[in-house]
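# Chain and residue survey
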Amino acid sequence: MISATPSVFDASLSRSGDAGIDAFVDRHAPDVDHTYYGAGKVALRDGLDALVEPGENVLVPAYLSPAVVEPFRDLGLEPRFYAIEETLAPDFADLESRIDDDTVAVMSVNYFGFPQPGLERLASLTNEYDCYHIDDNAHGPISVANGSLLGTHGDLGFTTLRKLLPVPDGAILYRVADEVKAAFSPSPLAGSAERIATTDCRFVTTSAAETALGPLYQSIESMLDDGANDPSSVDPGARYEATKAPMSKFTAMVTDAADPDAIRAARRENYRTWQQVFADREDITIFYERLSDGISPYEFPVRARDPDAFLAALHDCGVVGAHTWPILRESVFEADGYDTATRLSQEVVTLPVHQSIEPAAIEAAGDRLQQ
């Protein structure tokens, strides 16, 4: 079985030497200020708080999970969605048409751990219109592109640790521009808890049960998630409010013990193994054919001609956790002008590459898919 959920007993968390996420960030972004949070959305809220005024607006890509805009609403800002291209680059004509005198920031998104196409052009545009560039790097905490840590390409950015490590929460706020550094005033939600909490123990226990029960546990989880692809079933505000807590002590301990280089190497190997599996499939289009140096993929995204049939075949072969992505906000899903984002949300299927998977398991799943 290939599970989409890493085990807390991952071997890459027990290496010695110059390990830890903090050391990795210091090594790759030495001039960037960073602060830990329980969730990326809360980190984003704190980073923007002193820079914006209620009534202003922020532009974000339409191809985005629903709860990401909740920090803007929390600050009294209007989120405006801009269209994207098939490559996931911004549709710059559409983006620029939505900028006005009240636009305070534009967000880019590094999808699946890869840099969003058009980052340099977007940076030029935000400079031209004198607004902030937010670098949403939730998917790629340890991805480095052209020598720069993803999440640090804008004036401020953030990343999410639970998408990398077997932890219940965790995020980092990056402050790049001098103005952002000077204005920052952390809320009580910044930093990490001082002691292990009951929720930490519950997370470890649940993870151990998942490892022991394997397919049975995962099938229970899938039954609980039956309505997950229905936009009307998502309550973004409630999801956001539930994340308002400092990073857990357990997450802090795991981030200190993690070996980012080993994790990245394992994820890259798994990504390449999936590439080999689907190299000759005419009904499947690999989204990123090239895995550039420094990239740590979050998942292996493909476009499927028949997503439902593909997902069913994966499940039958023991690939647990493959899914379409993202669930779009209902206002985007039902609106005109976002056809590309809507189509991609239905066709893009992501497969797990996390470090606790052995490449041999992916190869075996590939063999079963061919039968």
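The following paragraphs examine the structure supplied in this document. All values derive from a computational prediction rather than experimental measurement. (Residues numbered from 1 in each chain as written. Predicted model: local features only at pLDDT ≥ 70, side-chain atom pairs only at ≥ 80, totals over all residues. Heavy atoms only, no water.)

## Remarks on the overall build of the protein
How we decide: We count a stretch as a helix when DSSP gives it H or I for four or more residues in a row; a strand needs E for two or more, and each element gets its number in order from the N terminus. Each residue's exposure class comes from its accessible area (1.4 Å probe, protein chains only) as a fraction of the maximum for that residue type: buried when under 20%, exposed when over 50%, partly exposed otherwise. Pairs of residues are marked as contacts when any of their non-hydrogen atoms sit within 4.5 Å. Computed with a 1.4 Å probe, the accessible areas rest on the Shrake-Rupley method; for each residue, only the protein chains presented here act as cover.
For the protein, the count of helices and strands is 15 helices and 13 strands. Here the protein holds 371 residues, and 55% of them are scored as buried. Residue pairs in contact within the protein that sit at least 24 positions apart in sequence constitute 74% of those at least 6 positions apart. Summed over its atoms, the accessible surface of the protein is roughly 16100 Å², and 47% of this surface lies on carbon and sulfur atoms.

## Overview of the nonpolar core
Counted only if it meets this: Nonpolar core, defined: a set of buried Ala, Val, Leu, Ile, Met, Phe, Trp, Tyr and Cys residues in which side-chain atoms within 4.5 Å join the residues together.
One finds Tyr63, Phe72, Ile134, Trp274, Phe278 and Leu351 to be the most contacted residues of the largest nonpolar core, which totals 86 residues. The greatest single-element share of this core, amounting to five residues, is contributed by strand β4 (residues 103-109).

## Side note on helix α14 (residues 339-347)
Since one α-helical turn is 3.6 residues long, residues separated by three or four positions face the same way. Those residues of α14 that sit buried are Thr340, Ala341, Thr342, Leu344 and Ser345. Tucked into the core, α14 has its buried residues touching β11 (299-304), β12 (323-324), α13 (330-333) and β13 (348-352).

## Examining the sheet that holds β4
Heads up, the condition is: Each pair of strands is called paired provided DSSP finds at least two bridges between the two strands. With axes taken as lines fitted to C-alpha atoms, and helix axes fitted only over the stretch in contact, angles between N-to-C directions fall between 0 and 180 degrees.
Spatially, the seven strands line up as an open sheet ordered β1-β9-β8-β5-β4-β2-β3, and their pairing is mixed. Of all the strands in the sheet, just β1 (33-37) and β3 (78-82) have a single pairing partner and so form its edges. Sheet twist, expressed as the mean angle between neighbouring strand axes with direction ignored, is 20°. Sheet topology note: the strand β2 (residues 57-61)/β3 ladder contains five bridges and is parallel. Bridged to valine 58 within β3 is proline 79. Across the face of the sheet, helix α2 (residues 40-49) comes into contact with β1, β4, β5 (132-137), β8 (156-160) and β9 (171-175) while running at roughly 165° to β8.

## A closer look at the pattern of salt bridges
To be explicit about the condition: What counts as a salt bridge is simple: a side-chain nitrogen of Lys or Arg found within 4 Å of a carboxyl oxygen of Asp or Glu.
This model, assessed by the stated rule, comprises 16 salt bridges. A salt bridge links lysine 244 to aspartate 74; the nearest nitrogen and oxygen atoms lie 2.9 Å apart. On the criterion of sequence distance, the pair formed by lysine 244 in the loop between α9 (236-241) and α10 (249-257) and aspartate 74 in helix α3 (residues 70-74) is long-range, its members being 170 residues apart. Residue class for lysine 244 comes out partly exposed when judged on its relative accessible area of 30%. Overall, aspartate 74 belongs to the partly exposed group, its relative accessible area being 31%. In this structure, aspartate 283 and arginine 281 form a salt bridge, with 2.8 Å as the shortest nitrogen-oxygen distance. Aspartate 283 sits in the partly exposed class, given a relative accessible area of 28%.

## Observations concerning unusual backbone geometry
Following tryptophan 325, the chain continues to proline 326 via a peptide bond in cis, the omega torsion being -10°. Relative to the assigned elements, proline 326 resides in the loop between β12 and α13. Phi angles above zero are rare outside glycine, and aspartate 130 is one such case at about 55°. Relative to the elements of secondary structure, aspartate 130 occurs in the loop between α5 (119-128) and β5. For aspartate 130, a relative accessible area of 72% puts it in the exposed group.

## Description of a negative patch on the surface
Spelled out, the test is: Surface patches are defined over residues having more than 30% relative accessible area and no salt bridge, joining like charges when they lie within 9 Å and nonpolar side chains (Val, Leu, Ile, Met, Phe, Trp, Tyr) when within 5 Å. When charges are counted, Lys and Arg are positive and Asp and Glu negative, with His and the chain ends excluded. Note on charges: their place is set at NZ of Lys, CZ of Arg, CG of Asp or CD of Glu.
Together, Glu269, Glu358, Glu363 and Asp367 line one region of the surface with negative charge. Tracing the chain through its elements places aspartate 367 in helix α15 (residues 359-370). With relative accessibility at 51%, the residue aspartate 367 sits in the exposed group.

In short, geometric facts, not functional conclusions.
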